[in-house]
2 protein chains.
Amino acid sequence: MDIKEFVAQSIGQWRSQRSAHHLAFGHFEAIRSEIAIEVVADHDPAVIELCKAHDIDPGSAVAPFRMRWEGQSDWDEEEEVKGTCILVPVPDPGQANRGKLLRDRGYAETMAAAGDYYLTADGTFVLTTAYDRAAAEEKIWFINPNVRCRVSLIKTSAGSGVVTASFSSEIRQEIRQEIRQAS
Amino acid sequence: MDIKEFVAQSIGQWRSQRSAHHLAFGHFEAIRSEIAIEVVADHDPAVIELCKAHDIDPGSAVAPFRMRWEGQSDWDEEEEVKGTCILVPVPDPGQANRGKLLRDRGYAETMAAAGDYYLTADGTFVLTTAYDRAAAEEKIWFINPNVRCRVSLIKTSAGSGVVTASFSSEIRQEIRQEIRQAS
């Protein structure tokens, strides 16, 4: 699987159950959200701007996409978890399965970020991103075309300590309906 | 990493936070448990018996171990989640990173089971086990020597539908104390 195929498989509407484990205190947080992953055109001004901000030739971007999410945590029910970002994969020259992922807003901090991704032989997308005060590591893989799993770790910037480990199970929305009807 | 190293890294006392996502209903279950993973001698009668039950030469077993767990779920607080099992890896002839894992009691059903494991190039242990009415797929990997993650999927026996997806973050017990003190 290359990044183009991985993005193509990800396009759609997903319903996500996410559990965050705050390791120091053994706290569980439950987040329900809806995620939309949409194709963005290569020539979209936001893609070109993001590439330029990272000194990258926009011509080397592959399969840019937009993520939108909206959800609710049981930790702070007042606060709605909501956001949108554009992500731009840039494969390393001559490499089908590794490169950089640019995004105009990161998960752990509210600033733009560039992470390093690779795809394993068994189709897992692995992304590591270094922030000023933290590092994030994310693994995403498909169980079948309509179910994907995502494990995200937030680490101290030195990278050795894990602060939060979270797990999402994501189901394509029309499919979830069928599962419920069948059970 | 071969199976012997993977088992050696796993030996110890772990404190686990597990979140189970019951996908049809979007239910979250939170389980806290303590897990002990202990070395079992190659010549232990339980190891020899388990090999014989699967028509396997006990001489081909490598690094057998015992798991004990004890915990509590927020779903049914009356019921204590408690168990013990012996696990016996049997590498395929001439293969360092794949083989069978015998166990005297499975997760999804209360019967003995044999699963197929492999270790990926980036050190993830992947185990698939077919039961009569279900199939289980488990991935375990170390973040550092003292933190490991485990994702377990229970699928329908045909293997396409995912019934439960669960995620455990497991911290070596003496280390957890240090994390708490530092934060």
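See the structure shown above.
In this text, all values refer to a predicted model and were calculated from it rather than measured experimentally. (Residues numbered from 1 in each chain as written. Chains lettered and ligands numbered in written order. Predicted model: local features only at pLDDT ≥ 70, side-chain atom pairs only at ≥ 80, totals over all residues. Heavy atoms only, no water.)

1. What to know about the pattern of salt bridges
All names here are of chain A. Taken as a whole and assessed by the stated rule, the structure comprises 16 salt bridges over all chains. Residues E170 and R150 are paired through a salt bridge, measuring 3.0 Å at the closest nitrogen-oxygen approach. Of this pair, E170 sits in strand 10 (residues 162–172) while R150 is found in strand 9 (residues 147–156), placing the two residues 20 residues apart along the sequence. Take E170: its relative accessible area is 2%, and that puts it in the buried class. Several salt bridges share partner residues, and in doing so they unite E138, R148, R150 and E170 into one network. (Salt bridge = Lys/Arg side-chain N within 4 Å of Asp/Glu carboxyl O. Helix = DSSP H or I, 4+ residues; strand = E, 2+ residues; numbered from the N terminus. Buried < 20%, exposed > 50% of the residue type's maximum accessible area, 1.4 Å probe, protein only.)

2. A closer look at the relation of the copies chain A and chain B
Superposing the two chain copies requires a rotation about an axis and a translation along that axis. Once turned by 180° and shifted 0.0 Å along the axis, chain A lies on chain B with an RMSD of 0.0 Å. Taken together, the rotation angle and the small translation identify this as a two-fold axis. A share of 100% of interface residues in chain A that are also interface residues in chain B marks the association as one of identical surfaces. (Least-squares fit on C-alpha atoms with pLDDT ≥ 70 in both. Contact = heavy atoms within 4.5 Å.)

3. Considerations on the pairing of strand 4 (residues 80–91) of chain A
Residues and elements named next belong to chain A. Here 8 bridges tie strand 3 (residues 65–73) to strand 4, and the two strands are oriented antiparallel to one another. Bridging across to strand 4, R66 finds its partner in I86. Linking strand 3 back to strand 4 in an antiparallel pair, the connection comprises 6 residues. Remark: 6 residues form the turn of the hairpin made by strand 4 and strand 5 (residues 98–103), two consecutive strands paired antiparallel; G94 in that turn has positive phi of roughly 75°. (Pairing = 2+ DSSP bridges.)

4. Thoughts on the interface of chain A and chain B
In this complex, chain A contributes 38 residues to the contact, which on the side of chain B involves 38 residues. The largest per-residue losses of area from chain A upon contact with chain B belong to Q17(A), F28(A) and F167(A), which jointly make up 19% of the total buried on that side. On inspection of chain A and its partner chain B, the count reaches 0 salt bridges. Linking chain A to chain B there are 15 residue pairs in polar contact (both at pLDDT 80 or more). Of all the secondary-structure elements, those providing two or more residues to the side of chain A that touches chain B are strand 1 (12–22), strand 2 (27–39), strand 8 (134–144), strand 9, strand 10 and helix 3 (173–182) of chain A. Counted by class, the side of chain A that touches chain B contains 18 nonpolar, 13 polar and 7 charged residues. (Buried area = accessible area lost by both parts, 1.4 Å probe. Polar contact = N/O pair within 3.5 Å; in protein donor to acceptor, adjacent residues only side chain to side chain. Nonpolar A, V, L, I, M, F, W, Y, C, P; charged D, E, K, R; others polar.)

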